[in-house]
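What the coordinates show
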Amino acid sequence: TMAERRAGDGTEDKSEDEVLRELTEDEVYTGLRTSSLADLGYDVRCFFLCPTERMEHFHVVDGRCESMLLRGLLAETSSLAAGGRLPDDSQAGRAIGYRQSLAYLSRDAARPDDAAALSAFVDDFAAATRRYAKKQMQWFRRDGSFAFVPVDMAAEKG
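Summarised in this report is the structure supplied together with it. (Residues numbered from 1 in each chain as written. Predicted model: local features only at pLDDT ≥ 70, side-chain atom pairs only at ≥ 80, totals over all residues. Heavy atoms only, no water.)

**Here's the deal with the side chain of Thr129**
This is how the line gets drawn: Numbering of helices and strands runs from the N terminus, with a helix taken as a DSSP run of H or I at least four residues long and a strand as a DSSP run of E at least two residues long. The rule is simple: take the accessible area with a 1.4 Å probe, protein chains only, and divide by the maximum for that residue type; under 20% is buried, over 50% is exposed, in between is partly exposed. Contacts were defined at the residue level, with two residues in contact if any of their heavy atoms lie within 4.5 Å.
Mapped onto the elements of the fold, Thr129 is located in helix α7 (residues 115-142). According to the relative accessible area criterion, Thr129 is buried, its value standing at 19%. Excluding anything up to four places from it in sequence, Thr129 contacts Val61, Cys65 and Ile96.

**Focus: unusual backbone geometry**
Phi at Ala109 takes a positive value of approximately 55°, unusual for a residue other than glycine. By secondary structure assignment, the location of Ala109 is in the loop between α6 (98-105) and α7. Phi is positive for Asp113, close to 55°, though the residue is something other than glycine. In this fold, Asp113 is placed in the loop between α6 and α7. For Asp113, a relative accessible area of 81% translates into the label exposed.

**Quick look at the packing of aromatic side chains**
Note the cut-off: Stacked, edge-to-face and tilted labels apply to pairs of Phe, Tyr and Trp rings (six-membered ring for Trp) whose centres lie within 6.5 Å, assigned for plane angles under 30 degrees, over 60, and everything in between, in that order.
Overall, the coordinates contain six aromatic pairs when judged by the stated rule. Their ring planes at 25° and their centres at 5.0 Å tell us that Tyr104 and Phe121 sit as a pair that is stacked. Placement of Tyr104 in helix α6 and of Phe121 in helix α7 is noted, with a sequence separation of 17 residues between them. Taking the relative accessible area as the measure of exposure, Phe121 reaches 5% and is therefore buried. Their ring planes at 70° and their centres at 4.7 Å tell us that Phe140 and Phe146 sit as a pair that is edge-to-face. For Phe140, a relative accessible area of 26% translates into the label partly exposed. The class of Phe146 is partly exposed, set by a relative accessible area of 21%.

Encoded structure:
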């Protein structure tokens, strides 16, 4: 067990780094542990930074979507798809952002300067992202091990 590893041969305690280096591959890659951090004397707490105002949070999410578009989401998606590295049915191809980008780029009757199609794509991308953010909040709320810390998303960052 981890406690036995920590004690070593009984002559002196091993450092935490030594204990971590001795973890087996199964313990590292499968997450299976013989004891927990709490068993090792660590105070482990989970916090979730929860927006105080849901609509303000949605504005932040929308801003992140806009930022991804301005940083080249469509160009990236197009390049990956053209190189065969983003199949529609792949896990990445189904991810929020890529999924909507692929649909927009491969739409029927595509034409240059199609503002309506671009607007619909942006709306769909932002809505999918907001839905996912809402689901994340629901998951964390159901997990009793998380303490919620209210955060004012509108507060000026400094």
